[in-house]
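Take a look at the letters that make up each chain.
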Amino acid sequence: MRQARTRCLGAFLLLLALLAALAVWNINAGSVSLSGGEILRILCGPPDSSTEYGIVRTLRLPRICAAVLLGGALSVSGFLLQTFFANPIAGPFVLGISSGAKLAVSLVMISLLSRGHTAGSGVLIGAAFAGAMASMGFILAVSQRVKRMSMLVVCGVMIGYICSAVTDFAVTFAQDSNIVDLHNWSMGSFSGIYWDSVAVMAAVVGVSMVLVFLLSKPMGAYQMGEVYARNMGVNIKAFRLALILLSSVLSACVTAFAGPISFVGIAVPHLVKSLFGTAKPILIIPACFLGGAVFCLFCDLIARTAFAPTEVSISSVTAVFGAPVVIYMMAFRREKSSL
């Protein structure tokens, strides 16, 4: 017991240290390099009109906050889906939930842009949530007929391809100059996020995380099996509905502001559970949030600096680092099941 507590404490301290180090690195990384003293002056000192102050406070800090909030939200969303389907390869991107949210947001943005209007944060989140729920509803309907998780994942991938294809058609034939921004968003990016958007996503993610944490005890019982959870007094239908809604809200918030981001919801929960040596929700939920924040900060740093001044999509970088984890996880499970 004492060894397990020490391991969990060390893992939390490691994630916090990585988060702090990557945040400082992201602040300093870019075409304008800053010393430690300049960063402290900008962060702690009074506002000024210098170029460095504008770069840090207006561009880099909101982007860092967005990566932390959305990366954590996407990781927790993946953990909720893995708990719901009792399978580690379930995630919002693989099951097509992110693609459904992407399609809904694209159609709403194109419709408003064609009329000379812009979509607010509430409209984007609402559209993303509707698209995510539509995809989730289809997945649940298929799950009633398809009992094998591998086939369910294939159906989710097909849904993702269909939604992405429809989105590409809509973007291609849309008649508006602002569609360039929509195309960049559809590739996945934390760029172009400012403090007003950060405030909205902080509110949505914060409330959702509180509700998720309140579900940690019934989630622990559900992990032991549906019968065990029912005997412990868990209302299975209400519990499943709560998991679906919260995972959809979290993934919809990510898609609304940053576009579809791949593999974070699958790879990070697996890495976190391996690091902590446990799957207890009361520990894994905050650990997944920290792990997702660290993972997305690292990937965003690579996306901004690896091919500077050209910036690649965040989803491309997360796929490079996340896909090998999923491949290893599937190979390990197959090897383990054959023993």
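Look up a bit, the structure's there.
On a predicted model such as this, the values are computed, not experimentally measured, just so you know.

Draft legend 1. Region of interest: the overall build of the chain. Looking only at helices and strands, the chain has 14 helices and 0 strands in total. The order of α-helices and β-strands along the chain, N terminus first, is α-α-α-α-α-α-α-α-α-α-α-α-α-α. Computed over C-alpha atoms, the radius of gyration of the chain comes to 20 Å, within 12% of the 20 Å expected from 2.2 N^0.38 for 339 residues, which places it in the range of a compact globule. The dimensions of the chain, computed from C-alpha atoms along their principal axes, are 65 × 55 × 35 Å. Expressed as a percentage of the 339 residues in the chain, the buried residues total 49%. Restricting the contact set of the chain to residue pairs at least 6 apart, pairs at least 24 apart contribute 78%. Within the structure as shown, the chain displays about 16,400 Å² of accessible surface, and the carbon and sulfur contribution to it stands at 67%. Between the averaged position of the 22 positive side-chain charges in the chain and that of its 11 negative side-chain charges there is a distance of 20 Å.

Draft legend 2. Structural view of the pattern of salt bridges. Under the counting rule described, the total for this entry stands at 4 salt bridges. Across the salt bridge formed by arginine 230 and glutamate 226, the nearest N and O atoms sit 2.9 Å from each other. Of the two residues, arginine 230 and glutamate 226 both sit in helix 10 (residues 226–231), 4 residues apart, roughly one turn of that helix. Between arginine 240 and glutamate 226 there is a salt bridge whose closest N-O contact spans 2.8 Å. Of this pair, arginine 240 sits in helix 11 (residues 236–258) while glutamate 226 is found in helix 10, placing the two residues 14 residues apart along the sequence. Glutamate 226 sits in the partly exposed class, given a relative accessible area of 31%.

Draft legend 3. Quick peek at the side chain of asparagine 26. Of note, asparagine 26 is situated in helix 1 (residues 2–28). Apart from the residues lying within four places of it in its own chain, the contact partners of asparagine 26 are Arg60, Ile64, Leu297, Asp300, Leu301 and Arg304.

Draft legend 4. Inspection of the packing of aromatic side chains at higher detail. The tally for this structure, following the rule as stated, stands at 4 aromatic pairs. With 5.0 Å between their ring centres and 45 degrees between their planes, tyrosine 222 and phenylalanine 239 make a pair best called tilted. Taken together, the positions of tyrosine 222 in helix 9 (residues 216–223) and phenylalanine 239 in helix 11 put the pair 17 residues apart, joining distant regions of the chain. Its guanidinium or amino end placed over the ring of phenylalanine 84, arginine 240 lies 5.9 Å from that ring's centre, counting from NZ or CZ.

What counts, and where the lines are drawn
Residues numbered from 1 in each chain as written. Predicted model: local features only at pLDDT ≥ 70, side-chain atom pairs only at ≥ 80, totals over all residues. Heavy atoms only, no water. Helix = DSSP H or I, 4+ residues; strand = E, 2+ residues; numbered from the N terminus. Rg over C-alpha atoms; globule rule 2.2 N^0.38 Å. Buried < 20%, exposed > 50% of the residue type's maximum accessible area, 1.4 Å probe, protein only. Contact = heavy atoms within 4.5 Å. Areas by Shrake-Rupley, 256 points an atom, 1.4 Å probe, with all protein chains shown as cover. Lys, Arg positive; Asp, Glu negative; His and termini not counted. Charge placed at Lys NZ, Arg CZ, Asp CG, Glu CD. Salt bridge = Lys/Arg side-chain N within 4 Å of Asp/Glu carboxyl O. Phe/Tyr/Trp six-rings, centres within 6.5 Å; stacked < 30°, edge-to-face > 60°. Lys NZ or Arg CZ within 6 Å of the ring centre and 35° of its normal.

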